[in-house]
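Working through the structure, step by step
Chain by chain, the residues run as shown.
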Amino acid sequence: RYLKMKESDVAYLAGLIDGEGSIQYKQYMRQRKGQKKAYPTWSIRLEIAMTDKDVIKWCYETFNVGHWGERKIQPGKKRQWCWRVFGLMLKLNFIK
């Protein structure tokens, strides 16, 4: 199941990722249930964080994937909002 995305939405998202976001792809050791040994596991994550709540909400509603909410910040800083998409959610909706 892939989302039908408008080219303009994809272009806007690419700009947001370039300016305010990050894509993380890393390997870590994970012990699976019932296994004694830890094995290398790959993780992929997309994140956009900014002070404009409406833009973050637009990402979530337009692409219908991931989680969004307020990001924890230090006292005295402006409120920030974040949209995150992890692993399989990212693959099923964005990668053909």
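Description of the structure in this document.

Cut-offs used in this document
- Residues numbered from 1 in each chain as written.
- Predicted model: local features only at pLDDT ≥ 70, side-chain atom pairs only at ≥ 80, totals over all residues.
- Heavy atoms only, no water.
- Pairing = 2+ DSSP bridges.
- Helix = DSSP H or I, 4+ residues; strand = E, 2+ residues; numbered from the N terminus.
- Axes fitted to C-alpha atoms, helices over the stretch in contact; angles between N-to-C directions.
- Contact = heavy atoms within 4.5 Å.
- Salt bridge = Lys/Arg side-chain N within 4 Å of Asp/Glu carboxyl O.
- Buried < 20%, exposed > 50% of the residue type's maximum accessible area, 1.4 Å probe, protein only.
- Arc of directions from axis to C-beta.
- Polar contact = N/O pair within 3.5 Å; in protein donor to acceptor, adjacent residues only side chain to side chain.

Let us look at the sheet that holds strand β2 (residues 38-50). Spatially, the four strands line up as an open sheet ordered β1-β2-β4-β3, and their pairing is antiparallel. Whereas interior strands pair on both sides, the edge strands pair on one side only; in this sheet they are β1 (21-31) and β3 (67-71). Ignoring which end each strand starts from, the neighbouring axes of this sheet average 30° apart. Sheet analysis places β1 next to β2, joined by eleven bridges and oriented antiparallel. Residue pairing in the sheet places Gly21 in a bridge with Ile48 of β2. Helix α1 (residues 7-20) contacts β1, β2 and β4 (80-86) of the sheet and is inclined by roughly 100° relative to β2.

Per the stated rule, a full pass over the model turns up five salt bridges. Glu61 serves as the salt-bridge partner of Lys57, at 4.0 Å between the closest nitrogen and oxygen. In this pair, Lys57 and Glu61 are both assigned in helix α2 (residues 53-63), four residues apart and thus about one turn of the helix distant. Given the relative accessible area of 51%, Glu61 is considered exposed. One network of salt bridges, with partners in common, ties together Arg45, Glu47, Arg71 and Arg84.

When we look at burial in α2, the residues that qualify are Val55, Ile56, Cys59 and Phe63. Projection of α2 onto a plane perpendicular to its axis shows the buried side chains occupying an angular sector of 105°, all on one side. Facing away from the buried surface of α2 by more than 90 degrees, the exposed residues are Asp54 and Glu61. For α2, the capping residue at the N-terminal end is Asp52, with a side-chain oxygen 3.1 Å from the backbone nitrogen of Asp54. Asn64, located one to two residues past α2, shows a positive phi value of around 55°.

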